[in-house]
Every structure is written in structure tokens, then in C-alpha cells.
Amino acid sequence: MNLTSRLYFNFRVTAMLTVILILLSCNGKKRYESEKKLTSVTLKIDSILNKMTLIEKVGQLNMLRGKPTTPTNFKDAKYNLEEEIKKGRVGSFLNVHPMEDKIKYQKIAVEESPNGIPLLFGIDIIHGFRTNFPVPLGEAASWNLELIEKSAKIASTEGTAVGFMWNMAPMVDISFDARWERVMEGAGEDPYLGSRIAEARIKGFQGDLSSTETMLACAKHFAGYGQVMAGRDYNQTTISKRFLHDYILPPFQASIDVDVASLMSAFTDFDGVPGNMNSYLLKDILRERWDFEGIVISDFNSLEEIVNWGTVDSEEKAAFKAFEAGTEVDMMGLVYIENLEKLIQDGKIKESSLNTAVKRVLKMKMDMGLFDGPYRYFKIKDPEKIWLQPQFLEHSRNIARKSMVLLKNDSQLLPISTNKTKTIAVIGPVDEDKRNFMATWSAWGKEENVVGVVDGLKNALKEETIEILYEPGLNKDLSANPELLNRAIKAAKKADVVVCTLTEGWRNSGENTSLSDLNMPEPQVDLIRKIHEVNQSTICVLFNGRPMIFPWISENIPAILEAWMPGTKGGDALADILLGKYNPSGKLPITFPRNTGQIPISYLQKKTGRPYKTGKNWTRYLDAPNEPAYAFGYGLSYTTFEYSDIRLSTENISENDTLTASINIKNTGQLAGVETVQLYIGDAVATVTRPIKELKGFQQVSLEPGETKSIDFKITKEHLKYWNTEMKYEADPGTFIIHIGTNSDDFKKTIFKLQ
Ligand code: BGC
């Protein structure tokens, strides 16, 4: 018996013993019921498995996609999907639509395949399904876990309405490198914030799986994809085991702690071994250390691509290595369906290992109620009624405005005063292409539902007599156009205030769009420069999925707002902020560098032997400061907050104690506002080099003008643990430095000791 089968066997025996014990004691009725259910699921799965042939078992590990819409080089072109389903050679699908196709395929699976096992239908819903929310990095800037969970829940409700049941999200990769465009899909650079957001998203997607409005989630990409060398997508990684443990693994572990149904292996290698044949990651960590009982699915076609990594010379060997390492479902590689049966017949892979993987797939299907109701996700007659419901749109607006980050606001140019303003010019190419609001991975979102900047302002100013001028200033493809520029300059001259919208362009944000230069493209900088020459009251609004570099703008433009790619109600949300109906509260979940050469960059800077600014030979650049343009956790408000009186309940704690660290925060401005108070802890002396400080908590607080509140953080030994020289997760006795403040670069400090 291999380890996984042994675990499974032990699990069954334990389950039965528990049932008997509970019966004997006549106590814990509820627990008894759930154990009984578990045992009956196990028995049902066993009885199905016993009837399956080898190839049908392999079929459960095969995920294909719906009919490709364009000519394709992928191997699925040679297969007849319906025939494959009939033979029981497909277990799940990605991207099948329309709904009739799902129903047709399910019918074939249930009525014509040998054991009538229903199919699972998967999709990527990354930031909303029909109602789009800000890109995940933008949502992360809200630091609002409740609202982030709500976005995922709405996305599930909308996606399940057309029969999708398995979502290839959330992406929980941590990255310090915005050249890698997929930072847009994640929660930024910090493992603590990333873990909390991963939990929120998974809870939102999965909720109670017995409901047909929730879907299986998939935390991806396990592990280290965000560390591609030089920020180039699909490249090798060079990270160490320690880096993996410190930064990459925590959000995955957090995902498992909230029972994520599946994990996707990474396109990348770790320590010289491709992600989907990496048994250190997939077995040692995932199964043995974390006891993960869900499914591991490969990334799209990546099993076939193992051959390209040069670690095997045939797809048969790729199948062998990937399966033995623990990749269970083959997404579109067709490597398992073509090779696993033979590998088992030849005795190279044990059938018992195959059984373990198949049981996990069957269990997912059972959890989704598909054996009792294979069509239960296809019951909604009119999904249009489910989509874009007023409360979903209201949420889209709310989370978008809470995601926007005010980077600069000199001389209080923002909010725009409706009393003093007669004309607002909206200049910039963003409204020309509404996809700039939806970005890539927008699922079934449609441009026609997007509220743009001009419409958002018009909606908000219905009652006012303010004139709104609009000029794109550039072509739709973001290239320069002298005639449009002249018109834009004329409009800027006429206006009291200009809202200049710039974008990296939605095509630049999403998979396989790495950049070697993150500077805002010149035609856009030129546009805002020329506009500013004729109107000093120019506000810059940025639409991007990743940090960009814009030194001229930072220096010269008085007000800058990071709007991300804000989703369906982006324009309304923006108007709320521009006109002061919502006081900005977003905080950067990722560092904005000054220039591309500073990358990789993170506030998680370790101590070094020659720290910055301590003497002649410190760690530095000759041509740029070390500091970023905007630090992690940074974000302004229309009001101001003052932090004071940092204090501790005790200066010494031991093993089981809890220390309370408190700080006072006062709203010293004229408007009510929300502040995210951030707690960072540093370890004075450790057995290995450690970051100067790490985020360990945060709280959002609303304050009226003049109001002061005291904020408490509870700290235990758990917060102080790290991977020591022996790779044990422990805390050393000694001094710790507490930092509490408004961002990773602006805080009050105090110290305490762990005995
Ligand atoms: C991406 C995954 C995604 C998959 C299916 C791949 O290219 O890396 O994140 O889930 O496609 O769409």
C-alpha cells in the first residue's frame, strides 16, 4: 500500500470506529450524522470504482475543453468529444458553452457512458462573471475581506447560473515583480495579506457546496509561478526552499485550511523540477505535511509541455513522472488518457494509486450532488435574470471605489468641488475601449454594461449644471494622433478641471503579456504633459492591472488616483471618488517601483550586512534611490489621520501569553474617512536573515472628523514564528519590534520580548 492509499485506508477505519464509538456513547448526534454521511459517501464511491474499467478510471482524470472557436494546434482537435464522453474517457470540461452543449454532454455521460458518471464543468472566473469587479490586485487594495468574499460569492451565483461548477481561481501567487503581468490576478506581494484574501475568495466561491449557487475553487499555481526569472511569463524560477516557505506557501496553506477543493500545479519549475512532476511540492508538502485531500490539476496543456523542459523525452515518461509526483487531473494535455492505462498495465504505476486519484474526482462530483442530480446546475431557464442584479452592480461600484488608491493630492485638488466648477474635461483614451474597465479574464462580462468615466460623471452630476467635455486625445489603440491631441488641448483650456485617464491598455494585462519596461507609454505621458501645460488643475487617473512607472506624472501632476481596471461600474465608482461622495480608502497591496531596474522589489526587504544609509558602502544604486515610488500599504485619504501613543499590555511574553499592542488614531481633517491600520513585526535577532518587518495584522477603522479611536492588536508566539536554520517553524526568545502605522514606510515603533 502506498502512502496515499494507506492514508485513505486509515481514514476509512477511523471513520467507522468513530461512528461506533459515537453510537455506543449515544452522544454527539450531529457528529454521528456527518460521520454516517461520510461513510456512506465512501461506500458509494467504492462501489462505483469497482465497476470501472482501467480506461474509464483514467478518463476521470482527463479534462478537455469545449469546442475551440479558432483553429488550434492542441491535440484535442483530433478527438470527437461526444465519442470520448460515450467511452467514459472524459471526467471534466473547461469552457463549455452554450448551456445546451453542457446539457448534451452531461446527457451522453449519464445515459451512454459505461457507468453513467456525470461530468464536471470548469471555467476561470477571476474577477466576476457577468458583473465584473476590479481586477483581483485592485480588489486586494480594498483590504476589505468581507467585500472580497462577496465578489467571489456573486461570481459563483452568476457562473453557476449557466452550469459552471469548478472555478480555476483564486490565483494566490505572491510576486515582487510587476514585469510579470499576472500580478493583476493575485493579491500582491505579501503572504499575510495574500493568505487572508485567498481564504476570503475561497469561502466566497465555495460557500456551502450543497447549494447550486456555489462552485469548487482551485488555488493556483502551486508553487512559485509568481517568481519567474526576470518577470518573463513561463520562465524558470531560481527561488530557494526558504523563499518558498517564507513567501510562496502561506497562501496555499491558508487555502487548504479553508478546505479549498483543488489546487493547480504551476507552469514553472521549482528547484530544477517542473511544477507538475515536483514530488517535493505535490507529495512531501501537500499530502504529507498538509494532509491535503482535494484534487491537484495541471495547468493548461502543461503535462505535454514537460517534454519541453527537457526532464523527460516522451509524453509517456511525462505521464509517469507527473502522476507519480501527484498531479491528478490532466487539463488539456491528453497525456494521461493516452498513456496511463499502458503504464498501469505494464506495472509501472500501481492501480491503487490511480484509484486514490479517481476517488478524489468522484468525491468532488458527489460533493456537488451530481450523482443524485446530474442536471441540477442546468435548471435556470433565464440566466439573464440572475446576472447583473441591482445588488450585484451596487457591489461592483462599492468594491471598485474601495479599491481605488489616492497616490497624490497636492493642494486638495480632489475632491472636485461641484460648487466652484462649471466645466470638467475628461481627456484620455480609456473610455474609447470599455475593455479597459474589464481587463482580461473578464469571463462573460460585456462592454455594453460598463459605465465609463464620462457616463459615471454624467450620472453623478445629473442635478448639477456642470458641463462635461470629452476628448480621447489618442487613438483607441493608444497611439498618438496630433489632431486628437489638439482637440484635447482645446477642451483642457476651456475646463476648470481636467480628469486625464491613462492606461497600460487591457491587452497588456493578463497572461503572457510580460514587459521589460513598466514606464507608462510615451504617447500617454506626452498627452498629460501637454494638457497640464494649459491647465494646471489636472487630475491623473490610472487604469492598469499592475504597478506602472510614471515619474514625470508623480512629480508634476497635482492629483493622482490609481483606479486599476475597475469593473462594470468603474465609472460610477470613479465619479463617487472624484466628486467626494466616497472618501478614498484603498492601500497598495504591491510596491510601485521608481524604475524597472529596482524590480524585484518589496517592502519585505531583509536586513543586510551593509544596510541602506548607514555609511559609505551601503546597499544602494548610483542612479536611483532604494525607496520605491509608492510603498506597500500606501494610500491617501481626503482627510488626515494622526497616530499616537503606541503601547503594549506587557513588555514580556512567554509561551502561551497574549500581548495587546494598541495605538490611538485621530481623524485630524475635515471629512469622515476610513483608515487601514497596519501591524508589522520585526525580529531583532534570528537564526537566519529575516525581513526588517512583516505584515502580521490590519484593521479598518471609520473616523468622523476630530474623532479618536484606540486600535488593539493581539499578538501571540504564533505571530513570531519563522523557518529557522533547521527548517523548523519556530519562534526564538528575544526582542521583537512592533510597527503600527498607515503604510509599510510610515509607522510608530515599540519593542517587547519573548521569554
Ligand atoms: C492559466 C491558468 C488557467 C488555465 C485555464 C492557463 O493558461 O495559466 O491560470 O486556469 O489556463 O484557462
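Residues numbered from 1 in each chain as written. Predicted model: local features only at pLDDT ≥ 70, side-chain atom pairs only at ≥ 80, totals over all residues. Heavy atoms only, no water.

The next point concerns the sheet that holds strand β10 (residues 330-331). If you walk across this open sheet you meet the five strands as β4-β3-β2-β1-β10, and the pairing is parallel. With partners counted over all chains shown, the strands left at the sheet margins are β4 (166-167) and β10, one partner each. As paired strands, strand β1 (residues 62-65) and β10 are joined by two bridges and run parallel to one another. Of the residues in β10, the one forming a bridge with Met-63 is Met-331. (Pairing = 2+ DSSP bridges. Helix = DSSP H or I, 4+ residues; strand = E, 2+ residues; numbered from the N terminus.)

To continue, consider the site of the ligand. In the vicinity of the ligand lie 13 residues, with Asp-124, Arg-182, Lys-220, His-221 and Asp-299 positioned nearest. Here an oxygen atom of the ligand and a side-chain polar atom of His-221 are 2.7 Å apart. In the environment of the ligand, an oxygen atom lies 2.8 Å from a nitrogen or oxygen atom belonging to the side chain of Glu-511. In the complex, 92% of the free accessible area of the ligand, which totals 310 Å², lies under the protein chains. Of the residues that constitute the shell around the ligand, the class distribution is seven nonpolar, one polar and five charged. (Near = heavy atom within 4 Å. Polar contact = N/O pair within 3.5 Å; in protein donor to acceptor, adjacent residues only side chain to side chain. Areas by Shrake-Rupley, 256 points an atom, 1.4 Å probe, with all protein chains shown as cover. Nonpolar A, V, L, I, M, F, W, Y, C, P; charged D, E, K, R; others polar.)

As a further point, take the packing of helix α16 (residues 390-403) against helix α22 (residues 570-578). Viewed as axis vectors pointing N to C, α16 and α22 meet at an angle of 50 degrees, and their least axial separation amounts to 8 Å. Overall, the two elements α16 and α22 adopt an arrangement that is oblique. The handedness of the crossing between α16 and α22 comes out as right-handed. Mapping the contact onto sequence places Arg-397, Ala-400 and Arg-401 in α16 and Asp-572, Ala-573, Asp-576 and Ile-577 in α22. Looking at the contact of α16 with α22 residue by residue, the classes come out as three nonpolar, no polar and four charged. (Axes fitted to C-alpha atoms, helices over the stretch in contact; angles between N-to-C directions. Parallel < 35°, antiparallel > 145°, perpendicular 65-115°, else oblique. Left-handed = near helix turned anticlockwise from the far one by under 90°. Contact = heavy atoms within 4.5 Å.)

Quick look at unusual backbone geometry now. The step from Ala-169 to Pro-170 runs through a cis peptide bond, and the omega angle for that step is 10 degrees. Checked against the element boundaries, Pro-170 lands in the loop between β4 and α8 (191-206). Look at the link from Ile-599 to Pro-600: it is a cis peptide, with omega at 0 degrees. With respect to the helices and strands, the residue Pro-600 is situated in the loop between α22 and β17 (641-648). In this structure, Ser-411 takes a positive phi of about 45 degrees despite not being glycine. Backbone geometry places Trp-441, a non-glycine residue, at a positive phi of 55 degrees.

Time to look at helix α9 (residues 241-257). Given 3.6 residues per helical turn, the α-helix brings residues three or four places apart onto the same face. Maximal helix bending in α9 amounts to about 55 degrees, located at Leu-249; proline Pro-250 follows within four positions. Burial runs high along α9: 13 of the 17 residues are buried. (Bend = angle between axes of the 7 residues up to and from the residue. Buried < 20%, exposed > 50% of the residue type's maximum accessible area, 1.4 Å probe, protein only.)

Inside soluble globular proteins, nonpolar side chains tend to come together where they are buried. Among the nonpolar cores identified, the biggest contains 66 residues, and Phe-93, Trp-166 and Ile-297 are the most heavily contacted of them. Top element by residues in this core is helix α14 (residues 351-367). It accounts for seven residues. Not counting the four nearest positions on each side in its chain, Phe-93 is found in contact with Met-63, Leu-64, Arg-65, Gly-66, Leu-81, Ile-85, Tyr-105, Leu-119, Leu-120, Phe-121 and Gly-122. Grouped together as the second largest cluster of nonpolar side chains are 63 residues, Phe-133, Ala-187, Ala-223 and Ile-399 included. (Core = buried A, V, L, I, M, F, W, Y, C linked by side-chain atoms within 4.5 Å.)

A few words on the domain arrangement of the protein chain. By the assigned domains, the protein chain splits into domain 1 (23-383), domain 2 (400-598) and domain 3 (641-754). Of note, the centres of domain 2 and domain 3, computed from C-alpha atoms alone, are 35 Å apart. (Domains from an automatic or database assignment.)

Assignment of secondary structure puts Asn-436 in helix α17 (residues 435-438). Taking the relative accessible area as the measure of exposure, Asn-436 reaches 3% and is therefore buried. A polar contact is formed between the side chain of Asn-436 and the backbone oxygen of Val-430, at a distance of 3.3 Å. Polar contacts involving the side chain of Asn-436 include one to the main-chain amide nitrogen of Trp-506, which spans 3.1 Å. Setting aside residues up to four positions removed in sequence, Asn-436 forms contacts with Pro-429, Val-430, Thr-503, Gly-505, Trp-506, Phe-543, Met-565 and Pro-566.

Pairing in this open sheet of five strands is mixed, and the strands run β18-β26-β25-β20-β21 from one edge to the other. Single-partner strands in this sheet number two, and they are β18 (652-653) and β21 (694-703). The sheet contact formed by strand β20 (residues 673-683) and strand β25 (residues 734-743) spans six bridges and is antiparallel. Bridging from a neighbouring strand, Leu-679 pairs with Ile-740 of β25.

Turning next to the pattern of salt bridges. Scanning the model with the defined rule gives 41 salt bridges in all. For the salt bridge of Arg-201 with Glu-139, the shortest nitrogen-to-oxygen distance reads 3.3 Å. Taken as a pair, Arg-201 in helix α8 and Glu-139 in helix α6 (residues 136-140) lie far apart in primary sequence, 62 residues in all. The exposure class of Arg-201 is buried, given its relative accessible area of 6%. Given the relative accessible area of 3%, Glu-139 is considered buried. Among the charged side chains, a salt-bridge network with shared partners connects Lys-67, Glu-82, Asp-101 and Lys-104. (Salt bridge = Lys/Arg side-chain N within 4 Å of Asp/Glu carboxyl O.)

On to the environment of Leu-720. Looking at the secondary structure, you find Leu-720 in the loop between β22 (708-715) and β23 (722-723). For Leu-720, a relative accessible area of 3% puts it in the buried group. Taking the C-alpha atoms as reference points, Leu-720 and Ala-254, 466 residues apart in sequence, are found 17 Å from one another.

Moving on, we come to the confidence of the model for the protein chain. Residue-level pLDDT values for the protein chain average 95, and 95% of them are 70 or greater. The low-confidence segment residues 1-26 (pLDDT under 50) makes 29 contacts with residues lying over four places distant or belonging to another chain. (pLDDT = per-residue confidence, 0-100.)

A few words now on the packing of aromatic side chains. All chains considered together, the criterion is met by 34 aromatic pairs. For the ring pair Phe-93 and Phe-121, a centre distance of 6.1 Å and an interplane angle of 10 degrees mean the geometry is stacked. Here the residue Phe-93 occupies a position in strand β2 (residues 92-94), and Phe-121 occupies one in strand β3 (residues 120-123), the gap between them amounting to 28 residues. Of the residues examined, Phe-121 reaches a relative accessible area of 0% and is grouped as buried. Ring geometry for Trp-387 and Trp-444: centres 5.8 Å apart, planes at 70 degrees, overall edge-to-face. Taken together, the residues Trp-387 in the loop between α15 (383-386) and α16 and Trp-444 in the loop between α17 and α18 (453-460) connect sequence positions 57 residues apart. Taking the relative accessible area as the measure of exposure, Trp-444 reaches 24% and is therefore partly exposed. Here the guanidinium or amino end of Arg-196 rests over the ring plane of Tyr-192, the centre of that ring lying 4.8 Å away. Its guanidinium or amino end placed over the ring of Trp-506, Arg-435 lies 4.0 Å from that ring's centre, counting from NZ or CZ. (Phe/Tyr/Trp six-rings, centres within 6.5 Å; stacked < 30°, edge-to-face > 60°. Lys NZ or Arg CZ within 6 Å of the ring centre and 35° of its normal.)

Looking now at the pairing of strand β19 (residues 659-667). Along any regular strand the residues' side chains alternate between the sheet's two faces. Counting buried residues along β19, eight of its nine residues qualify, which places the element largely inside the surrounding structure. Direction of pairing for β17 relative to β19: antiparallel, over a ladder of six bridges. Opposite Ser-644, over in β19, you have Asn-664 as the bridge partner. Pairing between β19 and β22: eight bridges, direction antiparallel. Counted as the bridge partner of Leu-659 is Ile-715 from β22.

Once that is clear, we can look at the packing of helix α7 (residues 145-160) against α16. Two elements in contact, α7 and α16, have axes whose closest approach is 11 Å; the angle formed by their N-to-C orientations is 145 degrees. In the crossing of α7 with α16, the sense of the turn from one axis to the other is left-handed. For the pair α7 and α16, contact is made by Leu-147, Ile-148, Lys-150, Ser-151, Ile-154, Thr-157 and Glu-158 and by Phe-392, His-395, Asn-398, Ile-399 and Lys-402, respectively. Taken together, the residues of the contact of α7 with α16 sort by class into five nonpolar, four polar and three charged.

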